[in-house]
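Structural description and commentary
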Amino acid sequence: MRNQIAAANWKMNLTYQQAEKLLDEILKAQIELSTHQQVIFAVPAPYLTMAKSEVGRDKNFFIAAQNCHHKKSGAFTGEISAEMLQSLGIKYCVIGHSERREYFQETHAMLADKMDQCLENFITPIFCCGEPLSIRESGTQNEYVAQQLKDSLFHLSAAQVQSIIIAYEPIWAIGTGKTATTEQAQEIHAFLRSVISSQYGQDTADTIPILYGGSVKAGNAAELFACPDVDGGLVGGASLVAQDFITIIKALK
Ligand code: 13P
């Protein structure tokens, strides 16, 4: 079975003390997980080391950065490189979140370079894609997300693509309380897998976890995760509440 993943994206939330408490509460729940089930916390950069030490050697729990720079190193004040993340022992990094694309003008080409930086540093990228409301309303969401994959992923080898995670996050469902229906989620996840398959073959497409993100909550996670092509979630708001995120983790297939 493909890995099933509950990923928390804390975004720019929580003080250090609140972050420690939240992690502590979730870890104390001692949720029983199978080897194919993983929990990833994408935490603010200043908390990476603390969070990594909190999860310790637990084989199901991992820490992710929320972003890295697209260049290897240099005069980029305030930025964080993939190599720096690797030197901290961080194994995952969110790439191309819609908030980064929109507010920080991240282009397809920059994201392609970020993918390279992650993979060169043995970091698994969680590559985000997803359409805005206007595209969904015009019915061209498939073309839109396919282009996102083509422009930022298709320079990679099949072996490299096999090691990534994709997160489909419809922008109209992020932080809005609106969720894609299970039919909408399954349909576009299957489509994304077919785009990967047409470029890299079915075997490669079948190995890649595709997470759903956009108002995943304790009350809808099980239904969404039950879809055959939905391999878990990338969760914003609900990942900030211990009991809600515990319920979401328990909803993994
Ligand atoms: P919400 O779960 O708050 O809608 O955020 C989704 C998201 O952007 C996760 O990356």
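Residues numbered from 1 in each chain as written. Predicted model: local features only at pLDDT ≥ 70, side-chain atom pairs only at ≥ 80, totals over all residues. Heavy atoms only, no water.

**Notes on the site of the ligand**
Filter applied, for reference: We call a residue near a given molecule or strand whenever any one of its heavy atoms falls within 4 Å of it. The term polar contact refers here to a pair of N or O atoms within 3.5 Å; inside protein, the definition further demands a hydrogen-donor-capable atom paired with an acceptor-capable atom, and it admits residues adjacent in sequence only when both atoms are side-chain atoms. For the accessible areas, the method is Shrake-Rupley and the probe is 1.4 Å, while residue cover comes only from the protein chains on display. Gly is put with the polar residues, along with every residue not named as nonpolar or charged; the nonpolar set is Ala, Val, Leu, Ile, Met, Phe, Trp, Tyr, Cys and Pro, and the charged set is Asp, Glu, Lys and Arg.
Taken together, the neighbourhood of the ligand is formed by 13 residues, with Lys11, His97, Gly175, Ser215 and Gly237 sitting nearest. Separating an oxygen atom of the ligand from a side-chain N or O atom of histidine 97 is a distance of 2.8 Å. Between the ligand and glycine 175, the relevant distance is 2.6 Å, taken from an oxygen atom to a main-chain nitrogen or oxygen of the residue. Against a free-state accessible area of 300 Å², the protein chains account for coverage of 96% of the ligand. Its residues assigned to classes, the shell around the ligand shows 4 nonpolar, 7 polar and 2 charged.

**Details of the packing of helix 1 (residues 16-28) against helix 2 (residues 48-55)**
Applied cut-off: Orientation is described by lines fitted to C-alpha atoms, with helices fitted over the stretch in contact, and by angles between N-to-C directions that extend from 0 to 180 degrees. Comment: elements are numbered from the N terminus, with helices defined as DSSP H or I runs of at least four residues and strands as E runs of at least two. Oblique is the label for any angle not under 35 degrees, not over 145, and not in the 65 to 115 range, which are roughly parallel, roughly antiparallel and roughly perpendicular in turn. By definition, turning the near helix anticlockwise from the far helix through less than a right angle yields a left-handed crossing, and turning it clockwise yields a right-handed one. Should any heavy atoms of two residues lie within 4.5 Å, those residues are counted as being in contact.
For the pair helix 1 and helix 2, the least separation of the axes is 10 Å and the interaxial angle reads 20 degrees. Taken as axis vectors, helix 1 and helix 2 run roughly parallel relative to one another. Crossing handedness for the pair helix 1 and helix 2: right-handed. In this structure, helix 1 uses Tyr16, Ala19, Glu20, Leu23, Asp24 and Leu27 to contact helix 2, whose residues at the interface are Met50, Ala51, Glu54 and Val55.

**Examining the environment of isoleucine 210**
Note the cut-off: Type-normalised accessible area, obtained with a 1.4 Å probe on protein chains alone, sets the label of each residue: buried when under 20%, exposed when over 50%, and partly exposed for intermediate values.
Within the fold, isoleucine 210 resides in strand 7 (residues 210-212). For isoleucine 210, a relative accessible area of 1% gives the class buried.

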